[in-house]
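This is what each chain is made of:
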Amino acid sequence: DAGVTQSPTHLIKTRGQQVTLRCSPKSGHDTVSWYQQALGQGPQFIFQYYEEEERQRGNFPDRFSGHQYPNYSSELNVNALLLGDSALYLCASSYGTGDYSPLHFGNGTRLTVT
Amino acid sequence: EDKVVQSPLSLVVHEGDTVTLNCSYEVTNFRSLLWYKQEKKAPTFLFMLTSSGIEKKSGRLSSILDKKELFSILNITATQTGDSAVYLCAVITMNRDDKIIFGKGTRLHILP
């Protein structure tokens, strides 16, 4: 039973570039959430996708966008990268958006912006 | 503004010691509180607490929630070096758009 998988594991970009991160949810899960975790901080909620639509969004600018595919996999896109976007980006999956089921996290993508 | 505060931010103890990690919260429309363990990358789920006073237990780990005083504790007894990790507390709110708010975590280091 595959858990949450994310790719790539590491990424180095320069300011102003664009990046796409990918996530496949745990088998049986249909909801994907994205989090940004800066060094020494807890994860910060970016947005959540369910039924191929963005259902909730945290306090992140429009430079952060996403997509969910019919197979429930998801992408996180960040445009016009800033140095402050350097962080661990975690994808988490769960089942449904009603009664809460614990999030299952992937190992994350470490993004470094230079 | 909703917030989750964990203390201490870091803790170093010797193997065999018992530790207590704290999580206090101020949120509107509290729903549940969760504890996660983050060793290298992916946080792994430990407990979800919804009701006050009911202890959740898994091996040497246990946790309890106090909804009146707005806090939770995570206890680890007979600590082992494998318990070294960042322990994250998160609160789910029942607002129109359910939000999950994480604390900054407690970095626990167990000395052999």
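For the structure, check the block above.
Residues numbered from 1 in each chain as written. Chains lettered and ligands numbered in written order. Predicted model: local features only at pLDDT ≥ 70, side-chain atom pairs only at ≥ 80, totals over all residues. Heavy atoms only, no water.

On to the overall build of chain A. Helix and strand content of chain A: zero helices and 11 strands. N-terminal to C-terminal, the α/β element order of chain A is β-β-β-β-β-β-β-β-β-β-β. Scaling as 2.2 N^0.38, a compact globule of 114 residues should have a C-alpha radius of gyration of about 13 Å, and chain A matches this with 13 Å. Seen along its three principal axes, the alpha-carbon backbone of chain A occupies a region of about 40 × 25 × 25 Å. Evaluated residue by residue, chain A yields a buried proportion of 51% over its 114 residues. In chain A, once contacts between residues fewer than 6 apart in sequence are set aside, the share between residues at least 24 apart is 53%. Accessible surface, chain A as shown: approximately 5400 Å² in total, 47% of it carbon and sulfur. (Helix = DSSP H or I, 4+ residues; strand = E, 2+ residues; numbered from the N terminus. Rg over C-alpha atoms; globule rule 2.2 N^0.38 Å. Buried < 20%, exposed > 50% of the residue type's maximum accessible area, 1.4 Å probe, protein only. Contact = heavy atoms within 4.5 Å. Areas by Shrake-Rupley, 256 points an atom, 1.4 Å probe, with all protein chains shown as cover.)

A disulfide bridge is the covalent bond that connects two cysteines by way of their sulfur atoms. The full count for this structure, using the stated rule, is two disulfides over all chains. The side chain of A:Cys23 participates in a disulfide bridge whose partner is A:Cys91; the two sulfur atoms lie 1.8 Å from each other. Looking along the S-S bond of the A:Cys23-A:Cys91 disulfide, the torsion reads about -60 degrees, which is the left-handed sense. Here A:Cys91 lies in strand S9 (residues 87-94) and A:Cys23 lies in strand S3 (residues 19-24), a separation of 68 residues in the sequence. Exposure class is identical for A:Cys23 and A:Cys91. Each is buried. Two residues share a disulfide in this structure: B:Cys23 and B:Cys89, whose sulfurs sit 1.9 Å from each other. One disulfide, between B:Cys23 and B:Cys89, carries an S-S torsion of -65 degrees and so falls in the left-handed class. Of the two residues, B:Cys23 sits in strand S3 (residues 19-26) while B:Cys89 sits in strand S9 (residues 85-93), which places them 66 residues apart along the sequence. Each member of the pair, B:Cys23 as well as B:Cys89, carries the same accessibility label: buried. (Disulfide = S-S within 2.5 Å.)

Residue and element names in this part refer to chain B. Residues Val4 and Gln6 point to one face of strand S1 (residues 3-7) and are all buried, whereas Lys3, Val5 and Ser7, pointing to the other face, are not buried. Here S1 runs beside S3; their pairing, made up of five bridges, is antiparallel. When the bridges of S3 are listed, Val5 appears paired with Ser24. (Pairing = 2+ DSSP bridges.)

Right, let's get into the interface of chain B and chain A. Many descriptions give the size of an interface as the accessible area lost when the pieces come together. Counting from both sides, the interface comprises 18 residues of chain B and, opposite them, 19 residues of chain A. For the pair chain B and chain A, the summed buried surface comes to about 1600 Å²; carbon and sulfur atoms form 58% of the total. When the area that chain B buries against chain A is broken down by residue, the three leading residues are B:Lys41, B:Ile100 and B:Phe102, summing to 32%. Applying the counting rule to chain B against chain A returns zero salt bridges. Remark: the boundary between chain B and chain A carries two residue pairs in polar contact (both at pLDDT 80 or more). Elements with a contribution of two residues or more to the side of chain B that touches chain A: strand S4 (30-38), strand S5 (43-49), S9 and strand S10 (100-102) of chain B. Considering every element that reaches the side of chain B that touches chain A, the biggest residue donor is S4(B), with four residues. A class-by-class count of the residues in the side of chain B that touches chain A yields 10 nonpolar, two polar and six charged. (Buried area = accessible area lost by both parts, 1.4 Å probe. Salt bridge = Lys/Arg side-chain N within 4 Å of Asp/Glu carboxyl O. Polar contact = N/O pair within 3.5 Å; in protein donor to acceptor, adjacent residues only side chain to side chain. Nonpolar A, V, L, I, M, F, W, Y, C, P; charged D, E, K, R; others polar.)

Now for the pairing of S3(B). Two faces, one strand: in a regular strand the side chains alternate between the faces of the sheet. Residue and element names in this part refer to chain B. Going residue by residue along S3, you find Val19, Leu21, Cys23 and Tyr25 tucked away on one face and Thr20, Asn22, Ser24 and Glu26 left uncovered on the opposite face. Pairing geometry for S3 and strand S8 (residues 71-76), over six bridges, is antiparallel. Bridge pairing in S8 links Val19 to Ile76.

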